[in-house]
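# Chains, contacts and geometry: an overview
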Protein chains: 2
Amino acid sequence: MRVYDLILKKKNKKALTTEEIGFFIDGVMSGKIKNYETSALLMAIAINDMNIEETFDLTLKMAHSGDIVNFDKVSGTVVDKHSTGGVSDTTTLIVVPIVASLGVKVAKMSGGGLGFTGGTADKLQVFKGYDLNLTEEQFINNINTVGASIITQTKNFAPADKILYELRNLTASVESIPLIAASIMSKKLASNASVIVLDVKFGEGAFMKTLAQASTLAKTMVEIGKRAGKKVSAILTDMNEPLGSGIGSILEVRNAINVLSGKKNNLATVSKRLCEELLVLSGAFDSKTAKKAINDTITSGNALIKLQEIIRAHGGDDQIIARAELMPKAKFIKPIYSAKEGFVNQIKSEELGYVAGQLSGKKMGKIDHTAGIKLFVKLNTKVKKGDKIAEINASSEKDAENVAARVEDALVIKNNKKNKGKLIQAIIR
Amino acid sequence: MRVYDLILKKKNKKALTTEEIGFFIDGVMSGKIKNYETSALLMAIAINDMNIEETFDLTLKMAHSGDIVNFDKVSGTVVDKHSTGGVSDTTTLIVVPIVASLGVKVAKMSGGGLGFTGGTADKLQVFKGYDLNLTEEQFINNINTVGASIITQTKNFAPADKILYELRNLTASVESIPLIAASIMSKKLASNASVIVLDVKFGEGAFMKTLAQASTLAKTMVEIGKRAGKKVSAILTDMNEPLGSGIGSILEVRNAINVLSGKKNNLATVSKRLCEELLVLSGAFDSKTAKKAINDTITSGNALIKLQEIIRAHGGDDQIIARAELMPKAKFIKPIYSAKEGFVNQIKSEELGYVAGQLSGKKMGKIDHTAGIKLFVKLNTKVKKGDKIAEINASSEKDAENVAARVEDALVIKNNKKNKGKLIQAIIR
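First, a word on what this report is: a plain description of the structure on this page. The shown structure was predicted, so the numbers you read here are calculated from the model rather than taken from an experiment. (Residues numbered from 1 in each chain as written. Chains lettered and ligands numbered in written order. Predicted model: local features only at pLDDT ≥ 70, side-chain atom pairs only at ≥ 80, totals over all residues. Heavy atoms only, no water.)

### Structural notes on the overall build of chain A
Stated formally: Here a helix means four or more residues in a row that DSSP labels H or I, a strand means two or more in a row labelled E, and each is numbered from the N terminus. With the radius of gyration taken over C-alpha atoms, the globule rule is written as 2.2 Å times the number of residues to the power 0.38. Note on classification: 1.4 Å probe, protein chains only; a residue is buried when its accessible area is under 20% of the maximum for its type, exposed when over 50%, partly exposed between these limits.
Regarding its fold elements, chain A presents 17 helices and 13 strands. Radius of gyration (C-alpha) of chain A: 22 Å, near the 22 Å computed for a compact globule of 429 residues. C-alpha extents for chain A along the principal axes are approximately 65 × 45 × 40 Å. A total of 429 residues make up chain A; the buried ones form 58% of that total.

Here it is, written out as structure tokens:
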């Protein structure tokens, strides 16, 4: 078998066989297939697509290119959730404790944020001492004792995906439904939970800009999961505005604590829906009992206590959860006022995500977790001239001034409201 | 400018600007653009195509990536011809002396054969001592004194094309009209003759399998040449059977000498048509006077004498031209007989090209110029069982036996004739 023939087949819009895809990933892993061959095949795939059989074969082979987590020592069903990434998307810190507090075990591996999105791994660093790098044994132990654990992905987790993703990122083949689906699902299959719920975002602040793209991706991923023997569903959620009011690690942690304390908002709505899917697919609840149980565990304070337990089990300092006054505050806060009267017609969420990333100094290596943007408006909020619409939380006045115009430009005030769709557009099972 | 954005544009079916194409080729030449980036862009081009502006920009930039021949010291128009490659395609050795014998200067740079096609550079080695590697000064001098010179391409001749072609050949992006056109025409523009006539082959024994593909390629190349200020035309010729009766260096040299001695056959027809185009585009003849002049220079023996002069001017031994008995003969000749009665319905020309290449031992480094295949039939020839249809010329009996079945299989005898098209299908100007 020659990789040349595989490239030629895909260039000519033909489907690759299971054996050919196996040969490809084996060659990528051994280094026998060179980067210039891989990038050509990835481009041919990105343009000419893959059918579901090919996409499943690729995902499974990538999943098996490294370690697979073994949950034999965990009693009961293990569940997992994944978001395709958005702005102020803090559902993990809400969903994991709620589900765990209801007796369903959650094994979550989170990465750092990509591009304009924040990652759960970054946010957990707000809890001083939190150890993201547990061994598999410690991970399993935490799941058994506390009911949930959130760690980063191990180094040898779908390593084929790391190689392919790096090349795609250098050669413009990131945008490809089968390659995105295989990248996400290979890691989910390696994470090896038996229930997987996917939160697939679409809109300004998501990688998928349209509902149609997001829907195709969601259907592809659900099908891959099913073929791999998992119970899996996906919810399609609107990301045309940030999900929460804060963008930045501490602001988002605070949002999560608020929802776990009973606050009702978009972040709560999406988080609860994800919980419901996980609980129902786990077999422990039906839809009706799940909804009630979710509200009860919040009202009783059990969900928030579970978050504290999870943090402590990882060696993290959890006192900021109970005592909000201990939460570190930004050194400099700059308010942004509306320059005119009207409605918030557009929120450039991706831009706000990039600005928040810049404020945190993430690219410079030293992260200021207090930095970020706090929004006081949502899409279609009516504002008067001079109303405070946002606050920039920064390490210095200079940092805040540097991005002030960008934040103002990202909140577009017009005379008319925007035609807004539903927050949760569909559930795909 | 980043190559990433160029790849993304082409992935999304957008056209690249002149500046972007310049940036790409500069980066390929300097090494700043890596092979994995180049192969991804080439694949995107191969799938999503290029418009004529992009193709022209690419060709011109590739042409200027290395040396450009300077004909200032040649008086009068300099002409050049190019064949896209076929089986028993020996027109160069006929066209160059005919045109030169009529006072029009020919500057020809030939490569070795690609794949199943024989190259003029290989055939010239039949004339012992022939020096293909003249300096530019010697090349110009030969053109001025003899009227023509045939050399190989210098090392620094459209070097960008060499890099791109090598990568395309490794990553399955060879088949692409704009990339093929740019590859051929960049070298023609670097060769820098002011008249260029292209022989674009289609059919079983050509790279372009269909007339439609060949026609698109021909139109693209003619347009590129015109935009570069050249006088250029293309003829579309049928390559569903080998152009001459012999396949292999010495057999093809013999075919050329026969045509220059007055023999009329398909090889003569195509060669004369190419001569006519060159003579008319050079401005020295009109169509009617060109036809007569071509026949006259053959009849008078001047064309054959000119071939001898060209060979001698390159230090080659030309005595085999006048004395056919000195032509080296193959060590072993194996005749192939028809197994049944019928018509030659198909000649698998590409296969015969590969078999002839194998017989010559070209891949092993040591070439036997006497090796090859001689055909005694053409398409639609009526044969009886036991008629000699071919002869295998080989270095040994073993070599001949090894390929006998393949040669027999390549000459398909059926009860019916094949519906055969015209030898020259169109002229594109």
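Anyway, onward from the coordinates.
### A look at the interface of chain A and chain B
Which entries qualify depends on this criterion: We call two residues contacting when some pair of their heavy atoms lies within 4.5 Å. Summed over both partners, the accessible area (1.4 Å probe) lost when two parts come together is defined as the buried area. Put simply, a salt bridge is a Lys or Arg side-chain nitrogen that is within 4 Å of an Asp or Glu carboxyl oxygen. Residues adjacent in sequence count toward polar contacts only when both atoms are side-chain atoms; beyond that, a polar contact is any pair of N or O atoms within 3.5 Å, and within protein one must be able to donate a hydrogen and the other to accept it.
Contacts between the two partners involve 22 residues from chain A and, on the opposite side, 22 residues from chain B. For the pairing of chain A and chain B, the buried interface totals around 1900 Å² over both sides, and the portion due to carbon and sulfur atoms is 70%. Three residues, Lys11, Tyr36 and Ile47 of chain A, lead the burial of chain A against chain B; their summed loss comes to 32% of the area buried on that side. At the boundary of chain A and chain B, one finds 0 salt bridges. Linking chain A with chain B are 5 residue pairs in polar contact (both at pLDDT 80 or more).

### Brief notes about the sheet that holds strand 3 (residues 148–152) of chain B
All names here are of chain B. What counts is decided by this rule: For two strands to count as paired, DSSP must find a minimum of two bridges between them. Axes here mean lines fitted to C-alpha atoms, for a helix over just the part in contact, with angles spanning 0 to 180 degrees between N-to-C directions.
An order of 3-2-1-4-5-13 is seen for the 6 strands of this open sheet, with the pairing classed as mixed. With one partner strand each, in any of the chains shown, strand 3 and strand 13 (424–428) form the two edges of the open sheet. Across the sheet, the axes of successive neighbouring strands diverge by a mean angle of 20°, strand direction being ignored. This element, helix 5 (residues 92–101), spans strand 1 (78–83), strand 2 (105–110) and strand 3 of the sheet and lies at about 160° to strand 2. Against the sheet, helix 12 (residues 266–282) touches strand 1, strand 4 (195–202), strand 5 (231–238) and strand 13, its axis set at about 150° to strand 4.

### Quick notes on the packing of helix 5 of chain B against helix 14 (residues 302–313) of chain B
Residues and elements named next belong to chain B. How we decide: Every angle not falling under 35 degrees, over 145, or within 65 to 115 is termed oblique; those three ranges are roughly parallel, roughly antiparallel and roughly perpendicular. Classification convention: Asp, Glu, Lys, Arg as charged; Ala, Val, Leu, Ile, Met, Phe, Trp, Tyr, Cys, Pro as nonpolar; all other residues, Gly among them, as polar.
One can describe the packing of helix 5 onto helix 14 by two numbers: an axis separation of 8 Å at closest approach and a directional angle of 105°. Here helix 5 is positioned roughly perpendicular relative to helix 14, judged by the angle of their axes. Residues Leu93, Val96, Pro97, Ile98, Ala100 and Ser101 of helix 5 form the contact with helix 14, whose own contacting residues are Asn302, Ala303, Lys306, Leu307 and Ile310. Each residue belonging to the contact of helix 5 with helix 14 can be placed in one class, and the counts come to 8 nonpolar, 2 polar and 1 charged.

### Considering the relation of the copies chain A and chain B
This is how the line gets drawn: Copies are brought into register by a least-squares superposition over C-alpha atoms of residues with pLDDT of at least 70 in both.
The transform that puts chain A on chain B rotates by 180° and translates by 0.1 Å along the axis, for an RMSD of 0.1 Å. In the structure described here, the two chain copies are related by an operation that fits a two-fold rotation axis. Taking C-alpha positions as reference, the residue of chain A nearest the rotation axis is Tyr36 of chain A, located at 1.8 Å. A symmetric contact is evident, with 100% of the interface residues of chain A recurring at the interface of chain B.

### Points about the side chain of Lys306 of chain B
All names here are of chain B. Along the chain, the position of Lys306 falls in helix 14. A residue is classified by how much of its surface remains accessible, and Lys306, at 13% relative accessible area, is buried. Among the polar contacts made by the side chain of Lys306, one reaches the side chain of Glu309 at a distance of 3.0 Å. In contact with Lys306, not counting residues within four places along its chain, are Pro97, Ala100, Ser101 and Val146.

### What about the pairing of strand 3 of chain B?
Two faces belong to every sheet, and in a regular strand the side chains alternate between them. Residue and element names in this part refer to chain B. Within strand 3, 5 of the 5 residues are buried, which leaves the element mostly enclosed by the surrounding structure. Side chains Ala148, Ile150 and Thr152 project from strand 3 onto one buried face, and the interleaved Ser149 and Ile151 project onto a second face that is buried too. Where strand 2 and strand 3 come together, 5 bridges link them in parallel fashion. Note on strand 3: the bridge partner recorded for Met109 is Ile151.

### Looking at empty space enclosed by the protein
Residues and elements named next belong to chain B. To be explicit about the condition: In the cavity and pocket records, a cavity denotes points on a 1 Å grid over the protein atoms alone where a 1.4 Å probe fits but cannot get out, a pocket denotes an open set with protein on both sides within 12 Å along at least 5 of 7 lines, and lining residues are residues with an atom within 4 Å of a point. Grid points are joined across faces, edges and corners, and a volume is the space filled by probe spheres set on the points.
Tallying each qualifying case throughout the model produces 1 cavity of 30 Å³ or more. When its volume is computed, the largest cavity comes out at roughly 30 Å³. Surrounding the largest cavity, Leu42, Met62, Asp161, Leu164, Arg168, Leu179 and Ser183 form its lining. Per element, the largest residue contribution to the lining of the largest cavity is 3 residues, and it comes from helix 8 (residues 159–171). Here the residues of the lining of the largest cavity are counted per class, giving 4 nonpolar, 1 polar and 2 charged.

### With respect to unusual backbone geometry
Unusually for a residue other than glycine, Lys13 of chain A sits at a positive phi of about 65°. Note on Lys13 of chain A: relative accessible area 62%, which makes it exposed. Despite not being glycine, Asp49 of chain B has its phi angle at roughly 70°, a positive value. Along the polypeptide, Asp49 of chain B turns up in the loop between helix 3 (35–48) and helix 4 (52–63). A relative accessible area of 40% means that Asp49 of chain B is categorised as partly exposed.

### Describing the environment of Ile424 of chain A
All names here are of chain A. Tracing the sequence through the fold places Ile424 in strand 13 (residues 424–428). Note: C-alpha distance between Ile424 and Leu278 (146 residues apart in sequence) is 16 Å. Discounting residues that sit within four places of it in the chain, Ile424 has contacts with Leu236, Thr237, Thr269, Val270 and Arg273.

### Remarks on helix 9 (residues 177–191) of chain A
Residue and element names in this part refer to chain A. Applied cut-off: One less than the residue count of a helix, multiplied by 1.5 Å, gives the span that helix is expected to have.
Between its terminal C-alpha atoms helix 9 stretches 21 Å, which fits the 21 Å expected from 15 residues at 1.5 Å a residue. Most of helix 9 is tucked away, with 13 of its 15 residues classed as buried. Just downstream of helix 9, Asn192 is the residue with a positive phi angle, here 70°.

### Overview of the side chain of Asp318 of chain B
All names here are of chain B. Counting through the fold element by element, Asp318 comes out in the loop between helix 14 and helix 15 (319–322). Classification of Asp318 by relative accessible area gives buried; the value is 12%. At 2.7 Å, the side chain of Asp318 and the side chain of Arg312 are in polar contact. If we skip the residues at most four places from it in the chain, Asp318 touches Phe127, Gln308, Ile311 and Arg312.

### Quick notes on the packing of aromatic side chains
All names here are of chain A. Put simply, the rule is: Working definition: rings of Phe, Tyr and Trp (its six-membered ring) pair if their centres are within 6.5 Å, and the pair is stacked with planes under 30 degrees apart, edge-to-face with planes over 60 apart, and tilted otherwise.
Evaluation of the coordinates by the stated rule reveals 2 aromatic pairs over all chains. Measuring from centroid to centroid gives 6.5 Å for Phe71 and Phe139, while their planes differ by 50°, and the two rings are tilted. Of this pair, Phe71 sits in the loop between helix 4 (52–63) and strand 1 (78–83) while Phe139 sits in helix 7 (residues 136–146), and the two are 68 residues apart along the sequence. The buried category is assigned to Phe71, whose relative accessible area is 12%.

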